[in-house]
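Structural characterization, general
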Amino acid sequence: MTQTMRQPTLDTLGLGAVLDIFKAGRLPANPAGLVDEVFGSGEKRGSLVISGASGIVGAGKTMQLGSRLHPYGVPVVALDLPGAPDGLGAQYPGLVQAFGKEGADAVMASIIRMSYDGKSLPDELKELRPSFLLEAIPEILDIKKAHYKVFRDSFPDIAIRSVTSGFPSSELGVGIAHPAFPHEINKMWEVVEPEPSAVTQLLWALGLIPVPVSDHWSFVLDVLFCGVTLAGLRYHEASNMPFWKIDKLVRKLVGPNPFRAHDVIGAQGANFLTWSCLHHLSGTYGDVFKPAEELVVRKETGQTWYPPNHFRPLVDWKLSDGEDEVFRTWILGPLFQMASLLVHEGRGHFANLNAIGELCAQFRKGILAMARESGADSVIETVGAYHSLHPTAAENGWHPEAFQDMDSHEWQQLYVNAEHDGEVGVITLSRESYCGEVDAELNRAMDWLKGVGIDRVILTGDFHLSTQMIGADISEFFPAVEEEEEGFRISSGWSRTARRLDEDFQISVGVVNGKRCLGGMLELLMHCHYLVAVDGAQLGMPEITLPVIPGMEGCHWPFRKADREDWGKVLTLLLGGRPVKASEATGWLIDYAGTLEETLGMAWILATGGDGSLPRRSVEGAGLEGVPTDVPGLPEADGVMGRAARTAMVDCIQGACGAGLSEALELQARHSGAFMTSTACKKGEIGAQYTRTMAV
Amino acid sequence: MLSRARIPYGTWGSSYFPAWQTSALAEVNIGQFAGESMARILSLRGVKKTELDYMVIGSTIPWHWKFWTAPLVSSCMGHRIPGYHVEQACATGLQAVLLGAAEVDNGGSDVVGVVTFDRTSDSPVGVFPERRAHERTQAIADVWDNFGFDPATGNAMITAAGITARKYKTDRREVDDVAYHRYQQYFEAKDSGFLDRVMVPLEVLNVAGRPLGRVDDDYGVREITLDGLRAMRELDTCVTGGTQTHASDGMSGLLVATEERARELSPKPEIDIQFVAKTEMRTHPSLMPEAPAFAVQKLLDRTGLTMADMAVVKNHNPFAVNDVIFAELLDYDWRDMNNTGCPLVWGHPQGPTLTRVIIEALEEAVDLGGGHVLVFGCAAGDVGIASIFKVN
């Protein structure tokens, strides 16, 4: 019987626990079978119809689904009105970039464009046996309902999902599959259906990220994104601050720049959608969602939020401490109130709700993680202060009790979960990048497993929200750019967490189950006694390209585990910054690479005691001698800054490798912290992002 | 009483007036700058821009897209309202405020934003078809060619100052004394923190959104000594580099509202600022510095007030000669006026000059507990303009 710290998000799709995947040695669903289930098999294979296919959503999803269904021979019908502008053609360059010209041409060849009059369907459609309709037509309820009727009259068994951003399933009479911008690449879909369906599981099997949400007006992404836009608008009304500056301050405080996003998506359509979403929400939940007057006007005119290029902003706005506090109240107050509504209504699994903000609305931390970081009392105080500025918002839609259970695992484990069967534990990461929140949650997960006597553990992605592991979250380093001690604190703290994987468990197995594992995530996983990966995964230490000095022992730990003759490969990985394929890293960086099923199987064998086929590489505790300072064939470092970074990296490697294991952690953390305040770092990617995001 | 309109106390503000070519303002579209600055000033004063329902703008130097006048400036402020543009050389700032009051008086608007601005730096050059000129076409640099040539008289502004000084047999030493005193008044006001209450430091961005410069001082204004003034070479009679103003850039704005709305908008609604009267006079050719005195005398005659009734007296004085002649004609001690500074010291961006004078004068009057405020100045064409406000 699998015990879980909290429900795995995979289970919300009807796909069980992650531990079961390792036990079974395969994924819980496969795309070929689900394609057959949704579209029929053999000669009965039907088609996917996307209506409104020339629009922003329709065109993006035609590309995303078309490219994924093409290998299974599923025709995709792109249906739209005759006069609709060609949104599909505009997608072609992106397709070429992703799949090459030949691949892109093949995908496009599987897409059948059809026009219709909006009232009746083309006769030719019958020959293509539509099995699944993804509706992406305008947000007008009557038109949508009539559209479904036309399809159902002709194809009674067709499965229908609407991409609507506002209407509940109960209003539409069909299920919801609500995607996120940018539609051609964003993998997340909010789905509304009574039980997880084959359609939803197919989306997952195709590598997308469906997340079930409840059937309420407007979905989580829209509540958050429209909500943060509205919060910015309200602050604009109260302060006169121009939208561009509010965008910068919202980005600094929360992450997104909502007004720029509207302009990028297309102000004409985005303004209307945001208004429509808020309009319907305010009808149900009151003034906290009431559209601001400025939005009401702009949904008619389609006016952009940023000034035209010839009127790029001239006068900057700096906030005093007092003004900054008011700004925070105007922005965070309504967002926290909206979060209380999402929790109160049980809109979804907390980790899913939290991830929607990060993966779809550019939140640096999900809304629940933000609330958790503030603490319940502070959140309630902030909303109270907001209500003093906007009293009618207090009349409805405020549920302070939603924050009373913050000590529960559901609240505490938004990014990291743990499962066990009494013998083996699995720790799953639901975030692609490592941050302080992940670090704290990972420690709690390890404590939980240790607390029930589990000393064999697998560390891996969650097979759902996290489809890859891209390293440390750069925004975590912003405080360290100005303060060396902060960099040391982060680096040494995270390293101590990583070492627990080596020291606290009898067996630990790191599993790279996605397409890449880089930087801090790779440093974390390499602390496991075994590291296995799917053979196509990219493994790398791209820190030098930022530049930054790895903080989680990447400068000495892999040397200590590798044979002396492989030190050059490790050094190349660190100084070159280029990733290697897992199949090329076996023996010196990782212990095993294989197909997904093989990797799952090997991980389980190792976690359950091993069959002796894979020796455990030990970590050398003494100082290493003879670690090279250069490798032949490495390209020259770029410019003064590149040379400075390489020198600092070599110094760190030499220092940390030369020290004993017990001293190396602090030594590397000191190097890492010091480098983050250096000119090279400040002039690099971290410095640039820090300046762009925080120095506004 | 001229008007039923009111100026809500404490809702005003002005950029500093850096001398031409000394600040980031030399690089900007000044109409855009004025609109964006007005939004910031109103924010600092606690006024939502949506309170404004009309805008009067004042400027004298052509700026890019000036055809669109107040509607464009209000768009840059972030609130699209109607309005128009007014221009009367250095009288522009006062005329704009008075016309703002007229908009309230005629019942068409409740809250009028008055936004005045000019950029003398790199002023545009107009190319005019001129059939009577042998060139057939003439190019005019808007600022310097106009300063240097009154088409009605053929004389420069500075020549008018010299002619007037000779008419009144003005003493050069007294002119230097006035100028020295004016600088002392300005720096005393600055040191006291007075300017911090009416001036707003503003950060200017370049096209990439990065800092271009901070406009937080009347750049170019330096401490001056009496000996230094005395040693200066005369450019015309009683006019030296130290006793005349200099070109500068900037903006200045305030609100004019109905009595009720003024009370709602002001952080101190108990302060009531009224319009009392206004007049203009035009004197003989090239005697511009005496015109303001005639305008003030006419205003006093019509209102029945005297200079003794004035709590604050403040003027636009491009030449120190102006103040000497005013003092002589009105029998008024020039030491008692321009207590917080004046355009002779902080410069001459034309459009906003008298707006800043009004703002400083009203703020000073509030400090003094109220009373009548006399604001006046000269303008191109040998014109004098004067107005009286009352602070209760």
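Everything discussed here concerns the structure shown above.
Residues numbered from 1 in each chain as written. Chains lettered and ligands numbered in written order. Predicted model: local features only at pLDDT ≥ 70, side-chain atom pairs only at ≥ 80, totals over all residues.

**So, the environment of B:Val204**
All names here are of chain B. For Val204, the location among the structural elements is in strand 7 (residues 202-205). Residue Val204 is classed as buried on the basis of its 23 C-beta neighbours within 10 Å. For the pair Val204 and Met281, spaced 77 residues apart in sequence, the C-alpha separation works out to 39 Å. (Helix = DSSP H or I, 4+ residues; strand = E, 2+ residues; numbered from the N terminus. Buried ≥ 20, exposed ≤ 12 C-beta atoms within 10 Å, placed from the backbone.)

**A closer look at the sheet that holds strand 17 (residues 516-518) of chain A**
All names here are of chain A. Pairing is mixed in the open sheet, where three strands are placed in the order 17-19-20. Looking at the sheet topology across the chains shown, the edges are occupied by strand 17 and strand 20 (580-581). Sheet topology note: the strand 17/strand 19 (residues 538-540) ladder contains three bridges and is parallel. In the strand pairing of strand 19, Arg516 is matched with Gln538. On the sheet, helix 22 (residues 519-526) packs against strand 17 and strand 19 and is oriented at approximately 90° with respect to strand 17. (Pairing = 2+ DSSP bridges. Contact = placed C-beta atoms within 7 Å. Axes fitted to C-alpha atoms, helices over the stretch in contact; angles between N-to-C directions.)

**Observations concerning the sheet that holds strand 14 (residues 456-461) of chain A**
Residues and elements named next belong to chain A. If you walk across this open sheet you meet the seven strands as 1-11-12-14-16-18-21, and the pairing is mixed. At either margin of the open sheet sits one strand with a lone partner, and together these are strand 1 (3-4) and strand 21 (592-594). Pairing between strand 16 (residues 507-512) and strand 18 (residues 530-534): four bridges, direction parallel. Across the sheet, Val511 pairs through a bridge with Val532, a residue of strand 18.

**Observations concerning the packing of helix 10 (residues 291-303) of chain B against helix 11 (residues 320-330) of chain B**
Residue and element names in this part refer to chain B. As a packed pair, helix 10 and helix 11 sit with axes 8 Å apart at the nearest point and diverge in direction by 35°. For the pair helix 10 and helix 11, the sense of crossing is right-handed. For the pair helix 10 and helix 11, contact is made by Pro292, Ala293, Val296 and Gln297 and by Asn322, Ile325, Phe326, Leu329 and Leu330, respectively. By residue class, the composition of the contact of helix 10 with helix 11 is seven nonpolar, two polar and no charged. (Left-handed = near helix turned anticlockwise from the far one by under 90°. Nonpolar A, V, L, I, M, F, W, Y, C, P; charged D, E, K, R; others polar.)

**Concerning unusual backbone geometry**
Residues and elements named next belong to chain A. Cis rather than trans, the peptide bond between Phe181 and Pro182 has omega equal to -10°. In this structure, Pro182 sits in the loop between strand 7 (175-179) and strand 8 (188-192). Residues Leu546 and Pro547 are joined by a peptide bond in cis, for which omega reads -10°. Within the element layout of this structure, Pro547 appears in the loop between strand 19 and helix 23 (557-561). At Asn240, a residue that is not glycine, the phi angle is positive and equals roughly 75°. Tracing the sequence through the fold places Asn240 in the loop between helix 9 (220-239) and helix 10 (243-253).

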